[in-house]
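The chain contents come next:
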Amino acid sequence: MNFAICNEIFKGWKLDDILAYAKRVGYSAVEIAPFTLADSVTDISTAERQKIRDSAAQIGIEIAGIHWVLVKPEGLYINHPDAAIRQRTATYFCELVDFCADIGGKVIVVGSPKQRNIMPGVTPEQAKEWAAATFRDAVAQAAIRNVTICFEPLGAGETNFINTAADGIRFVQQFNSPNFKIILDVKAMCSEAKPIPQIIRESFPHFAHFHANDKNLKGPGFGEVDFKPIAAALKEVGFNGYVSVEVFNFDEGPEIIATKSLEYLKTSFA
């Protein structure tokens, strides 16, 4: 299994140092949150993108892809009633596809709960129609650049738009594209009624990325979620993408989060 880790855990670290540390402790890849590099990916030059790619190659680690993609710039919204805002968001998604491909990434994780909530007066059907239109050009661009956009189902406590893996699959399937799939996230799946291994089995092959964390917002192994049946289900269905550590509580510090999470994952998948 290919294990990755998200770079925002290493707050204040230079990207090269993150790549080197992740490689040293045994990760296959690093997943990058663009807001840690710039307010907009359009501010990251071609030379800077190439430097990221070259640094990863020199260190011997992969760039898994990007996530937390709508944190910045401000004002973007996937299914906003204002067509101009949706168009700006659609254009930025195309920019994200190019940025991801330029740095050697494979997947774009789209969670962004605050940029997709169904607004008052908008029906779920209208919100889905607007969201689909927002993604259309980016999905076409992703096919050209060999990137997979992964829409993330999130629990009702985070958003009111697409809360289950099954809903996410129905949303992406309308595109009939191998470059638009979902991502499964352990924290998010904890909010579903179904057991996580069942969700994994029912969702394959419609997910292309996997976030490893705990419902307590910490890393895998730092809470009550047992990853052994999760690992067994992922192996059973033949998932060969990245299992990427994404946490939201950094209390233990980056080194402990990174090393203990990987140690637990390797034990779970053994």
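Keep in mind it's a predicted model, so treat the numbers as computed, not measured.

**Quick word on unusual backbone geometry**
Here is step 1 of the chain: Here the amide bond leading from Lys-72 into Pro-73 is cis, since omega sits at -5°, within 30 degrees of zero.
Here is step 2 of the chain: Among the secondary structure elements, Pro-73 is positioned in the loop between strand S3 (62-66) and helix H3 (83-102).
Here is step 3 of the chain: With an omega of 10°, the peptide bond running from Phe-204 to Pro-205 counts as cis.
Here is step 4 of the chain: Position of Pro-205 relative to the elements: it lies in the loop between helix H7 (196-203) and strand S7 (207-212).
Here is step 5 of the chain: Of note, Asn-176 is a non-glycine position whose phi angle comes to about 50°, a positive value.
Here is step 6 of the chain: The residue Asn-176 is located in the loop between helix H5 (165-173) and strand S6 (180-185) in this model.
Here is step 7 of the chain: Since its relative accessible area comes to 71%, Asn-176 is described here as exposed.
Here is step 8 of the chain: In this structure, Leu-217 takes a positive phi of about 80° despite not being glycine.
Here is step 9 of the chain: For Leu-217, the position within the fold is in the loop between S7 and helix H8 (228-237).
Here is step 10 of the chain: The exposure class of Leu-217 is partly exposed, given its relative accessible area of 37%.

**Description of the packing of aromatic side chains**
Here is step 1 of the chain: Enumeration according to the criterion identifies 18 aromatic pairs in this entry.
Here is step 2 of the chain: Each ring, one from Phe-3 and one from Phe-269, has its centre 5.4 Å from the other, and the planes form 70°; the classification is edge-to-face. Here the residue Phe-3 occupies a position in strand S1 (residues 2-6), and Phe-269 occupies one in helix H9 (residues 254-269), the gap between them amounting to 266 residues. You'll find Phe-3 and Phe-269 in the same group, each marked buried.
Here is step 3 of the chain: Between Phe-10 and Tyr-21, the ring centres sit 5.9 Å apart and the planes meet at 65°, which makes this aromatic pair edge-to-face. Here Tyr-21 lies in helix H1 (residues 15-25) and Phe-10 lies in the loop between S1 and H1, a separation of 11 residues in the sequence.
Here is step 4 of the chain: A relative accessible area of 1% means that Phe-10 is categorised as buried.

**Points about the state of the cysteines**
Disulfide: a covalent bond formed between the sulfur atoms of two cysteine residues.
Here is step 1 of the chain: In the structure shown here, the tally under the stated rule is zero disulfides.
Here is step 2 of the chain: Distance from the sulfur of Cys-6, which forms no disulfide, to the nearest cysteine sulfur (Cys-150) is 12 Å.
Here is step 3 of the chain: Judged by its relative accessible area of 0%, Cys-6 falls in the buried class.
Here is step 4 of the chain: Cys-100 takes part in no disulfide bond, and the closest cysteine sulfur to it belongs to Cys-150, at a distance of 9.4 Å.
Here is step 5 of the chain: Taking the relative accessible area as the measure of exposure, Cys-100 reaches 0% and is therefore buried.

**A look at the packing of H7 against H8**
Here is step 1 of the chain: Two elements in contact, H7 and H8, have axes whose closest approach is 9 Å; the angle formed by their N-to-C orientations is 15°. Classified by the angle their axes make, H7 and H8 are roughly parallel. For the pair H7 and H8, the sense of crossing is right-handed. Mapping the contact onto sequence places Ile-196, Pro-197, Ile-200 and Arg-201 in H7 and Pro-229, Ile-230, Ala-233, Leu-234, Glu-236 and Val-237 in H8.
Here is step 2 of the chain: Of the residues contributing to the contact of H7 with H8, the split by class is eight nonpolar, no polar and two charged.

**So, the side chain of Thr-148**
Here is step 1 of the chain: Tracing the backbone shows Thr-148 in strand S5 (residues 148-151).
Here is step 2 of the chain: Overall, Thr-148 belongs to the buried group, its relative accessible area being 15%.
Here is step 3 of the chain: Here Thr-148 is in contact with Lys-106, Val-107, Ile-108, Pro-178, Asn-179, Phe-180, Lys-181 and Ala-208, once residues within four sequence places are set aside.

**What about the layout of surface pockets?**
Rolled over the atoms, a probe as big as a water molecule pinpoints where empty space is left.
Here is step 1 of the chain: As a volume, the largest pocket reaches approximately 330 Å³.
Here is step 2 of the chain: Lining the largest pocket are 17 residues, with Trp-68, Val-71, Gly-111, Ser-112 and Pro-113 positioned closest to its centre.
Here is step 3 of the chain: Residue classes in the lining of the largest pocket are distributed as seven nonpolar, five polar and five charged.

**A few points about the pairing of strand S2 (residues 29-32)**
Here is step 1 of the chain: Residues Ala-29 and Glu-31 line one face of S2 and the alternating positions Val-30 and Ile-32 line the opposite face, and both faces are buried.
Here is step 2 of the chain: Across three bridges, S1 lies against S2 in parallel orientation. Considered in S2, the bridge of Ala-4 is made with Ala-29.
Here is step 3 of the chain: Once you follow S1 into H1 and on to S2, the crossover reads as right-handed.
Here is step 4 of the chain: The sheet contact formed by S2 and S3 spans four bridges and is parallel. Bridging across to S3, Val-30 finds its partner in Ile-63.
Here is step 5 of the chain: Following the chain from S2 across helix H2 (residues 46-59) to the adjacent parallel S3, one finds a crossover that is right-handed.

Here is what the cut-offs are and how they apply
- Residues numbered from 1 in each chain as written.
- Predicted model: local features only at pLDDT ≥ 70, side-chain atom pairs only at ≥ 80, totals over all residues.
- Heavy atoms only, no water.
- Helix = DSSP H or I, 4+ residues; strand = E, 2+ residues; numbered from the N terminus.
- Buried < 20%, exposed > 50% of the residue type's maximum accessible area, 1.4 Å probe, protein only.
- Phe/Tyr/Trp six-rings, centres within 6.5 Å; stacked < 30°, edge-to-face > 60°.
- Disulfide = S-S within 2.5 Å.
- Axes fitted to C-alpha atoms, helices over the stretch in contact; angles between N-to-C directions.
- Parallel < 35°, antiparallel > 145°, perpendicular 65-115°, else oblique.
- Left-handed = near helix turned anticlockwise from the far one by under 90°.
- Contact = heavy atoms within 4.5 Å.
- Nonpolar A, V, L, I, M, F, W, Y, C, P; charged D, E, K, R; others polar.
- 1 Å grid on protein atoms, 1.4 Å probe; cavity = no way out; pocket = protein on both sides within 12 Å on 5 of 7 lines; lining within 4 Å.
- Points joined across faces, edges and corners; volume = space filled by probe spheres on them.
- Pairing = 2+ DSSP bridges.
- Right-handed = clockwise from strand over helix to strand, strands pointing away.

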